[in-house]
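One-letter residues, chain by chain:
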Amino acid sequence: MTTEKGFLGVTPPISTAESTEREKEVTATLMEELRRQNTFESVEEARLRETVLGRVAAAVKKFVYEVSLSRGLSEAAANAAGGKIFTFGSYRLGVHGPGSDIDTLCVVPKHVSREDFFETFEKILSELEDATEVSGVPEAYVPIIKTKISGIPLDFLMARLALSSIPDDLSLKDDNLLRNLDERCVRSLGGSRVNDEILRLVPHVEVYRDSLRCIKLWAQRRAIYSNVNGFLGGVAWAILVARICQLYPNATAGAIVSRFFIIMYQWSWPQPVLLKQIEEGPLQVRVWNPKLYPADRSHRMPIITPAYPAMCSTHNVTASTQMIVTEEFKKGADIVDKVIVGTASWSELFQKHDFFHKYRYYLQVIASTATAELQIKWAGTVESRIRQLVMKLEYVDSLILAHPFIKGFDQVLHCITEEEVRQVAQGQISDVVAKRTQADIEGLEGASTVHSTTFYIGLLIEPKPFGAVGPRRLDISYPTTEFTKLVKMWEKYDEDTMGIVVRNIKSSALPDYVFDEGERQPKQVLKRPKTGKGSGKSSNTSPDMPNKKRRSETTQDSENGIPGLSFSSATLHGETNGLYAPINRAINEIKTPQLPLGENAAVATGAQ
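- As annotated in an unreviewed UniProt entry, the chain carries the name Poly(A) polymerase and comes from Suillus luteus UH-Slu-Lm8-n1.
- Here is the UniProt Function (unreviewed entry) comment for the chain, exactly as written: "Polymerase that creates the 3'-poly(A) tail of mRNA's."
- Per UniProt, the comment on the chain under Catalytic activity (unreviewed entry) is "RNA(n) + ATP = RNA(n)-3'-adenine ribonucleotide + diphosphate".

## Some points on the sheet that holds strand 5 (residues 152–160)
Backbone hydrogen bonds hold the strands of a sheet together, and the pairing may be parallel or antiparallel.
In step 1: As summarised here, the arrangement of the 5 strands in space is 1-2-5-4-3, forming an open sheet in which the pairing is mixed. The open sheet has two edge strands with one neighbour each: strand 1 (84–88) and strand 3 (131–137). The average undirected angle you get between the axes of adjacent strands in this sheet is 25°.
In step 2: Across the sheet, helix 2 (residues 43–70) touches strand 1, strand 2 (102–108), strand 4 (144–149) and strand 5, and the angle it forms with strand 5 is around 35°.
In step 3: The strands touched by helix 6 (residues 183–200) within the sheet are strand 1, strand 2 and strand 5, with strand 5 carrying the most contacts at an inclination of about 120°.

## Some points on helix 13 (residues 372–393)
Each turn of an α-helix holds 3.6 residues, which means side chains three or four residues apart point in the same direction.
In step 1: Compared with the 32 Å implied by 1.5 Å per residue over 22 residues, the 30 Å span of helix 13 between its first and last C-alpha is a close match.
In step 2: Along helix 13, the helix axis deviates most sharply at Arg385, where the bend reaches about 35°.
In step 3: Those residues of helix 13 lying buried are Gln375, Trp378, Ala379, Thr381, Val382, Glu383, Ile386, Arg387, Leu389, Val390 and Leu393.

## Focus: the UniProt feature "binding site: ATP" (unreviewed entry) in the chain
In step 1: Sequence positions flagged by UniProt for "binding site: ATP" (unreviewed entry) are, in local numbering, Phe88, Gly89, Ser90, Asp101, Ile102, Asp103, Asp155, Lys216, Tyr225, Gly234 and Val235.
In step 2: Residue class for Phe88 comes out buried when judged on its relative accessible area of 13%.
In step 3: Residues in contact with Phe88, not counting those within four places in the same chain, are Asp103, Thr104, Leu105, Leu157, Gly191, Ser192 and Asn195.
In step 4: Mapped onto the elements of the fold, Lys216 is located in helix 7 (residues 205–221).
In step 5: The exposure class of Lys216 is buried, given its relative accessible area of 13%.
In step 6: When near neighbours in sequence (up to four residues on either side) are disregarded, Lys216 contacts Ser90, Val95 and Tyr225.

## Let's talk about the packing of aromatic side chains
In step 1: Within this structure, the stated rule accounts for 29 aromatic pairs.
In step 2: Between the aromatic rings of Phe409 and Tyr456, the centroid separation amounts to 5.9 Å while the plane-to-plane angle is 80°, which identifies the pairing as edge-to-face. With a gap of 47 residues between them, Phe409 in strand 8 (residues 409–415) and Tyr456 in strand 9 (residues 448–461) connect regions that are remote in the sequence. In terms of burial, Phe409 and Tyr456 fall into one category: buried.

## So, the pattern of salt bridges
In step 1: The full count for this structure, using the stated rule, is 34 salt bridges.
In step 2: Asp337 is the partner of Lys591 in a salt bridge, and the nearest nitrogen-oxygen pair spans 3.1 Å. Pair noted here: Lys591 is in the segment after helix 20 (585–588) and Asp337 is in helix 11 (residues 319–341), with a separation of 254 residues, a long-range link.
In step 3: Notably, a salt bridge pairs Lys352 with Glu519, separated by 2.8 Å at the nearest N-O pair. Taken as a pair, Lys352 in the loop between helix 11 and helix 12 (355–358) and Glu519 in the loop between strand 11 (499–506) and strand 12 (538–540) lie far apart in primary sequence, 167 residues in all.
In step 4: A relative accessible area of 33% means that Lys352 is categorised as partly exposed.
In step 5: Within the structure, one salt-bridge network assembled from shared partners comprises Arg222, Glu327, Glu328, Lys331 and Lys358.

## Some words on the packing of helix 1 (residues 21–36) against helix 9 (residues 253–266)
In step 1: Relative to each other, helix 1 and helix 9 sit at 95°, their axes nearing to 7 Å. Relative to helix 9, helix 1 is oriented roughly perpendicular. Side by side, helix 1 and helix 9 meet where Glu23, Val26, Thr27 and Leu30 of the first sit next to Ala253, Gly254, Ala255, Val257 and Arg259 of the second.
In step 2: Per-class residue counts for the contact of helix 1 with helix 9 are 5 nonpolar, 2 polar and 2 charged.

Rules of the game
Along each chain, residue indices are assigned from 1 in the same order as the chain's sequence is written. Residue-level local features of this predicted model are given only where pLDDT is at least 70; pairs of side-chain atoms are given and counted only at 80 or more, and the full residue set underlies all totals for whole chains, interfaces and linings. Each side-chain value is worked out from all heavy atoms of the structure, with water and hydrogens disregarded. UniProt positions are given in the numbering used here, feature names are shortened, and annotations may be inferred rather than shown by experiment. Pairing between two strands is assigned when DSSP locates at least 2 bridges connecting them. A run of DSSP states H or I qualifies as a helix once it reaches four residues; a run of E qualifies as a strand once it reaches two. Both are numbered from the N-terminal end. Every axis corresponds to a line fitted to the C-alpha atoms, with the helix fit spanning only the stretch in contact, and the corresponding angles, defined between N-to-C directions, vary from 0 to 180 degrees. A contact between two residues is defined here by any heavy atoms of the two lying within 4.5 Å. Expected helix span is computed as 1.5 Å times (number of residues minus one). Bend is computed residue by residue as the angle between axes fitted to the seven residues ending at the residue and the seven residues starting at it. Type-normalised accessible area, obtained with a 1.4 Å probe on protein chains alone, sets the label of each residue: buried when under 20%, exposed when over 50%, and partly exposed for intermediate values. Pairing of aromatic rings covers Phe, Tyr and Trp, the last through its six-membered ring, and needs centres within 6.5 Å; plane angles under 30 degrees mean stacked, over 60 mean edge-to-face, and all others mean tilted. Any carboxyl oxygen of Asp or Glu within 4 Å of a side-chain nitrogen of Lys or Arg constitutes a salt bridge here. For this classification, under 35 degrees means roughly parallel, over 145 means roughly antiparallel, 65 to 115 means roughly perpendicular, and everything else is oblique. Basically, the charged four are Asp, Glu, Lys and Arg, the nonpolar ten are Ala, Val, Leu, Ile, Met, Phe, Trp, Tyr, Cys and Pro, and anything else, Gly included, counts as polar.

Right, here's the structure in full:
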């Protein structure tokens with residue numbers, strides 16, 4: 001598809017030339033590596049997905065039919081009311097892998113309500129053969145039902161259109177379908193409409209899919225694939241790759257990936273990435289516009305969705321996460337350059353991140369409750385606020401960046417005393433508690449189970465000024481205290497059943513569970529720090545901690561030079577030797593990536 005201008009996108013292409021023979025060769029080796037990395041599902045699984053989606057489509061029609069009858073419609077009208085499913089996300093884009101979920105939108109007529117979706121449709125799903133783990137979350141920002149059918153995970157959203165029936169040939173492209181819908185329905189329709197528009201706006205869908213599959217795997221391995229934590233989510237990565245495809249309409253996947261890293265490293269943020277001009281539409285809804293809205297002007301890396309209403313898919317990006325992503329673009333460009341000249345292999349691009357080796361100090365954010373069901377909601381609430389903590393830390397003097405890890409680590413621990421519960425909630429887990437099973441505490445009076453999720457933030461500290469003497473002081477008590485206040489403001493927060501702790505630890509005190517087997521380097525000192533001493537000091541404690549303990553820990557922190565962290569000159573010697581500094585010396589030694597002769601990245605932004 002091309003426009004009247006003769007090209008796709010908001011600017012002309014950088015180059016319409018076909019890829020070189022070498023670029024075609026590296027594309028072939030890229031596809032071999034992606035297969036080795038198990039990014040493609042088997043033919044059997046693909047067929048199973050199609051079968052499951054066929055059953056789901058029939059279930060949606062049954063759902064609409066039953067609700068129609070209950071609303072007093074005739075048999076004929078109930079049958080004609082229809083109902084249709086649309087997929088979105090990685091499955092719709094054609095870049096899903098083995099075991100990945102299918103994002104599924106159920107479109108229903110105006111007489112079917114959201115309450116019907118969570119009562120009637122959820123019941124119909126649970127009655128399907130081979131359906132397991134059916135779970136509705138009606139209070140979510142985008143209300144959702146999760147389930148597995150024949151082992152395939154599915155996430156269901158619902159959108160109710162202002163139509164009396166949903167025909168089988170319905171297309172969601174018409175913006176007028178959004179009229180008279182509530183915000184949740186507009187949001188639910190957004191995913192499918194954005195994906196369809198992306199696929200319409202790329203010159204060669206297969207080249208796009210191969211390129212995106214590569215970039216997705218790279219971003220996941222480098223731990224920068226997470227919208228909630230301030231990095232880029234699936235939609236943002238999909239739009240970025242689509243933009244490079246527009247700029248090189250006749251290139252192979254290997255060439256697209258090469259140009260992707262170079263152009264994204266050079267991109268003049270906050271210049272937005274657009275696949276087409278932003279359009280006005282029929283709704284009284286906000287469309288991304290930095291000239292009109294101050295909040296939109298604050299977006300650091302705006303990547304704009306192509307379907308109406310245009311939104312910024314990257315509003316969560318912070319100064320720290322932008323710095324980290326930019327560093328990864330530079331590293332990626334260097335590796336792909338070496339692949340093309342034959343001095344590196346594609347597998348090097350997909351090497352695991354070094355997050356837990358990268359910093360000398362980390363913050364642990366520990367969310368804990370007594371039940372699995374409550375833990376999912378509490379941990380999700382805490383995770384959604386981690387970005388706020390990162391932004392507050394960015395204002396701390398002497399802190400270059402705060403690097404959030406993209407996922408939490410879940411643990412279920414069985415305690416037999418109140419003291420063990422307190423220690424577990426603070427991240428102080430003895431070997432005895434770690435090895436104890438549910439069976440070990442059966443029938444024991446006072447025994448309890450603690451569910452915890454621990455999130456990590458790496459802290460990059462400025463090198464100590466040359467010639468400075470005495471202890472180093474870095475006070476992070478304000479951001480951590482404000483963060484705990486923020487999460488406790490959740491309307492369902494209960495201080496008797498939920499714990500939240502923020503504490504700093506040295507890299508040597510990181511628990512074994514954050515490393516793969518054999519990844520951790522042997523340590524000279526294997527002992528864990530004792531409660532309240534050394535590197536495991538809490539700057540905040542959960543509300544069920546006794547006041548006496550809370551006061552004593554604060555005092556110990558202050559005596560060491562912080563209510564949060566302290567550094568001696570010996571400690572900071574490591575910070576200046578290139579292991580941890582800006583972002584570290586190794587990245588500065590990588591040459592600045594450049595496009596091949598005759599290609600101008602400024603074309604992409606219209607800035608030439």
